[in-house]
Amino acid sequence: MNPIVITAALNGPIATKADHPGLPTSPEEMALAAEGAYKAGAAIVHVHVRDEKGFPTVELTRVKQVLDAIRERVPEVLIQLSTGGIEPAYADRARQVELLPRMASLNPCTMTFGLAEFRNPPKEMRKLAARMRELGVKPELEIYDYGHLDVVMSMFKEGLLAEPLQFSIVLGVAGGAAATPHNLCNIVSNLPKGAIWQVIAIGRANLPLTTIGVAMGGNARTGLEDTLYLRKGELADNASLVARLVQVAKVLERSIATPEEATKLLQLPSVQSAASV
Ligand code: KMH
Ligand code: ZN
């Protein structure tokens, strides 16, 4: 089997320091968390930007500060910037790709997200996909349910996405498909030939579902965005979550991809010089 590409989702847009005092939010904390995750075996860090008070922000100066802090502390790691999040307006979320991260999330559908609405309007989302293709920023396609895959395939037919399509199968969000092996196997079996995929499993499902995904040959993501706990009653940190996934992969005889190997496996477009924003 291919080496496994591990992504650490360092913080997400929802948890606060009241939920987990070790949640990284400042540029320095994000850089340290990225370094810890990279040293533990992550090739990619998935990044949500927070402001000085810890609230989600897509303000470009702050986004750049976070990207620069990570790039300076751990130049090797691949950065995947989130264009998701609940509060900021879609156009502002989308604008972040102008800062040219190697990858960015692309969420194809609007949905219920727990008690919130996660808005990804079809027209704006297509505009973002086209812009990412122009800039060479690889989309990480987050599909939370069966129908989301159909939307992605329509976009592919419209020429908005380049192969290989890189999917994250997100399981366990209240509003998306439940975190069950049945859903995982079904969605994987519907993916197009040549697709690259990973499991994102929320909360208690994080360990069992990512393990099943690794055994099936997929990549995997973990990190404080996906679960705040290592096990019941024990708060996690990003490095320990990645280290646990590395153990799982090794038991399953998968080697761990370095960022350089991940770049090849994921066929990432080559780096461009920074666009002016
Ligand atoms: N936490 C959710 C609102 C992404 O990073 O693109 C989903 C999200 C996905 O923010
Ligand atoms: Zn995210």
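A brief structural summary. Quick caveat, the model's predicted, so the values are computed rather than measured.

Before going further, it helps to spend a moment on the overall build of the protein chain. Of regular secondary structure, the protein chain possesses 9 helices and 12 strands. Computed over C-alpha atoms, the radius of gyration of the protein chain comes to 17 Å, within 12% of the 19 Å expected from 2.2 N^0.38 for 277 residues, which places it in the range of a compact globule. Summarising its shape, the C-alpha atoms of the protein chain cover approximately 45 × 40 × 40 Å along the three principal directions. With 277 residues in all, the protein chain has 54% of them scored as buried. Here the protein chain holds 28 positive side-chain charges and 29 negative ones, and the gap between their average locations is 3 Å.

One pass over the structure, following the stated rule, counts 3 aromatic pairs. Ring geometry for phenylalanine 118 against tyrosine 144: centres 6.2 Å apart, planes inclined by 80°, an arrangement best described as edge-to-face. In this pair, phenylalanine 118 is assigned in strand 6 (residues 116-118) and tyrosine 144 in the loop between strand 7 (138-143) and helix 5 (146-157), connecting sequence segments 26 residues apart. In textbook terms, an aromatic cluster arises when at least three aromatic residues are bridged by ring pairs, as seen for Phe113, Phe118 and Tyr144.

All right, on to the coordination of the zinc ion (ligand 2) then. Here the zinc ion (ligand 2) is held by His46 (NE2), His48 (NE2), Glu225 (OE) and Glu225 (OE), and the distances to it run 2.1 to 2.6 Å. Sequence positions of the residues that donate to the zinc ion (ligand 2) give the spacing H-x1-H-x176-E. With histidine 46 in strand 2 (residues 44-47) and glutamate 225 in the loop between strand 10 (219-222) and strand 11 (229-231), this pair connects stretches of sequence that are 179 residues apart. What makes histidine 46 buried here is its relative accessible area of 1%.

Conventions and cut-offs
Throughout, residues of each chain are indexed from 1 in the direction in which the sequence is written. Each chain is given a letter, starting from A, and each ligand a number, starting from 1, according to the order in which they appear as written. Per-residue local features of the predicted model are confined to residues with pLDDT of at least 70, and side-chain atom pairs are confined, for both listing and counting, to 80 or more; whole-chain, interface and lining totals are unaffected and use all residues. Side-chain numbers here rest on the full set of heavy atoms in the structure, without hydrogens or water. Comment: elements are numbered from the N terminus, with helices defined as DSSP H or I runs of at least four residues and strands as E runs of at least two. Values of the radius of gyration come from C-alpha atoms, whereas the globule rule sets the reference at 2.2 Å times the count of residues to the power 0.38. Accessible area is worked out with a 1.4 Å probe on protein chains only. A residue is then buried under 20% of its type maximum, exposed over 50%, and partly exposed in between. The charge count treats Lys and Arg as positive and Asp and Glu as negative. His and the chain ends do not count. Note that the charge is assigned to NZ on lysines, CZ on arginines, CG on aspartates and CD on glutamates. Any two of the Phe, Tyr and Trp rings considered here, Trp counted by its six-membered ring, make a pair once their centres fall within 6.5 Å; the pair's planes then place it as stacked at under 30 degrees, edge-to-face at over 60, or tilted in between. Metal-coordinating donors are taken as N, O and S atoms lying within 2.8 Å of the metal, or within 3.2 Å when the metal is Na, K or Ca; because water is left out, some sites can appear incomplete.

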